[in-house]
Each structure stands twice: as structure tokens, then as C-alpha cells.
Amino acid sequence: MRRASDEARYFIGSFAASPRRTHLKDAGDRIVSELSMRQQQGYSTEPLNTIVKAFSSYGPINTQQFLPISIYFDRIPVPADYVLWNQGDEPQGLYIIESGLLRAIYRFENSAQDFEETMVAGTIAGELSTLSDSPRNCTVVVEQAGVLWKLSKANLHRLQIEQPELARVFIQFVLKGTLPRFGLGPLSGMKSSCMRFL
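Just so you know, these numbers come straight off a predicted model, no measurement behind them. (Residues numbered from 1 in each chain as written. Predicted model: local features only at pLDDT ≥ 70, side-chain atom pairs only at ≥ 80, totals over all residues. Heavy atoms only, no water.)

A look at the overall build of the chain
Formally: Only DSSP runs of H or I reaching four residues or more are called helices, and only runs of E reaching two or more are called strands; each is numbered from the N terminus. Each residue is assigned to one of three classes by its accessible area relative to the maximum for its type, calculated with a 1.4 Å probe on protein chains only: buried under 20%, partly exposed between the two thresholds, exposed over 50%. For accessible areas, the Shrake-Rupley method is used with a probe of radius 1.4 Å. Any residue's cover is judged against the shown protein chains and nothing else.
Looking only at helices and strands, the chain has seven helices and six strands in total. Reading the chain from its N end, one meets helices and strands in the order α-α-α-α-β-β-β-β-β-α-β-α-α. Per-residue burial for the chain yields a buried fraction of 35% across its 198 residues. Here the chain has roughly 11700 Å² of accessible surface; of this, 56% comes from carbon and sulfur atoms.

Right, here's the structure in full:
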């Protein structure tokens, strides 16, 4: 009669010698090697995953084309209650939200028009004021701690010089994302998650 420990040894031994085990080990070794090489080269899946998430509703995204854009973004962990910018500030860049929540607070001369809204992961904040180089029209506060990816005005300019086609496609996607807020474009019938002019 076999004991449980003998059965476990038999199972492990047969699994170790199986072609499937060898194939799985080879695949695992290749993945670990590739990930190690990417880390050494400074490659990360972020902010690319967040960019794809933000733009996926607006058309197909060629991830290979977007891969070089990562070097132009800075990762910014933000705590709750951090003020990202104040209404009237000059824009320093645009932000893609990887995680967390941002609250946009709009204040007008007629306080009856004041309103607030929340921006969620996978959306862009500050794009219109950055692209138009206009003062911020609201205050943005971190409602829930998270991670943002900032494309500064300087890095946007660098992107336009060093990768003009990528910059064109990126800006086109950013602008497509603003169309639903104005009742334009293919998603205009959908309720926008954020009717902001950041």
C-alpha cells in the first residue's frame, strides 16, 4: 500500500519528466528573461496600459506605435487631499489617471453655476488647458490616493519634435476624447463620465 508521501513523490517526479512540464518551464524561462531584459532597458507596461485604457473607446490603438511615448510621461503617486492645481493656474501638463479619483471643482461668479465632478482611472485631466495653453478653469484635488502619469508641456514639446507622427496620433486621440463632452463624435449619445474643460 502506498503512503501519501510516496504518491506525492510519484506525481512530482512524473510531472517533472513530462513534455508539458518541460514546455511550461521553457515558456516561463523565456518570460522571465524577457521581463528582466525589459526592466534593464527601463521598459514598463505603464503608462502604456493606462493610455490604451483611456483611448480604447475612440478607435484601435497600435500599441507598438505608442510604446515610445512612455519615456515622455512621469509617474506621479498622489495622496488624498493633494491639490493638483488651482483654478487660474497656468497649465504644467496633462495627466492620465492610472488609479485613484480626482475631483474637479468649478467656481463661477454666479455661485448657482458652481459644480463638482469626479474623474476616474482611465481618463485624462488637464488636456484642453494644456493643449490650448490656457489657464486652468477649475481646481483639481485628489479625492482618493492614486497614480497619475504626467505629460508636461516641455515633454509634449519634445514629443512633437522627436516623434511628430506619434505626437499627432496622441493629440488626435486626446481630442477625440473631448468630443463627447460637447455632444459631438460617435460617443456623443453616451453620458460622459466627466464634463470638464481642464
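As for the nonpolar core
Definition in use: Buried Ala, Val, Leu, Ile, Met, Phe, Trp, Tyr and Cys residues form a nonpolar core when they are joined through side-chain atoms within 4.5 Å. In what follows, a contact means two residues having at least one pair of non-hydrogen atoms within 4.5 Å.
Judged by nonpolar contacts, the single largest core of 24 residues is most densely connected at Phe55, Phe66, Ile69, Phe73, Ile96 and Phe170. If one sorts the elements of this core by residue count, helix α7 (residues 164–178) sits on top with seven residues. Residues in contact with Phe170, not counting those within four places in the same chain, are Phe55, Phe66, Ile69, Phe73, Leu94, Ile96 and Leu151. Grouped together as the second largest cluster of nonpolar side chains are 14 residues, Tyr95, Met119, Cys138 and Val140 included.

Considering the environment of Leu166
By the element assignment, Leu166 lies in helix α7. The spatial distance from the C-alpha of Leu166 to the C-alpha of Leu67 is 9.7 Å, given a sequence separation of 99 residues. Non-local contacts of Leu166, meaning those with residues more than four positions away in its chain, are made with Gln65, Phe66, Pro68, Ile69 and Leu159.

A few points about the packing of helix α6 (residues 153–162) against α7
Which entries qualify depends on this criterion: Note on geometry: axes are lines fitted to C-alpha atoms, helical ones only across the stretch in contact, with angles between N-to-C directions running from 0 to 180 degrees. For classification purposes, an angle smaller than 35 degrees is called roughly parallel, one larger than 145 roughly antiparallel, one from 65 to 115 roughly perpendicular, and anything else oblique. Amino acid classes used here: Ala, Val, Leu, Ile, Met, Phe, Trp, Tyr, Cys and Pro are nonpolar; Asp, Glu, Lys and Arg are charged; the rest, including Gly, are polar.
At a minimum axis distance of 5 Å, the contact between α6 and α7 shows a crossing angle of 125 degrees. Considered as vectors, α6 and α7 are oriented oblique to each other. Across from Leu156, Leu159, Gln160, Ile161 and Glu162 in α6, the residues of α7 making contact are Pro164, Leu166, Ala167 and Ile171. Counted by class, the contact of α6 with α7 contains seven nonpolar, one polar and one charged residues.

Quick notes on helix α3 (residues 48–55)
Heads up, the condition is: This arc corresponds to the set of directions leading from the helix axis out to the C-beta atoms.
Listed in full, the buried residues belonging to α3 are Leu48, Thr50, Ile51, Ala54 and Phe55. Relative to the axis of α3, the buried residues are bounded by an arc of 160 degrees and lie together on one face. The inward-facing, buried residues of α3 contact α4 (63–66), β3 (93–106), β5 (124–125), β6 (139–152) and α7.

Focus on the confidence of the model for the chain
For clarity, the cut-off: Per-residue confidence from the predictor is reported as pLDDT, which spans 0 to 100.
Taken as a whole, the chain shows an average pLDDT of 81; of its residues, 69% reach a score of 70 or greater. Note that residues 187–198 has pLDDT below 50 and, in this model, 43 contacts with residues that lie over four places away or in other chains.

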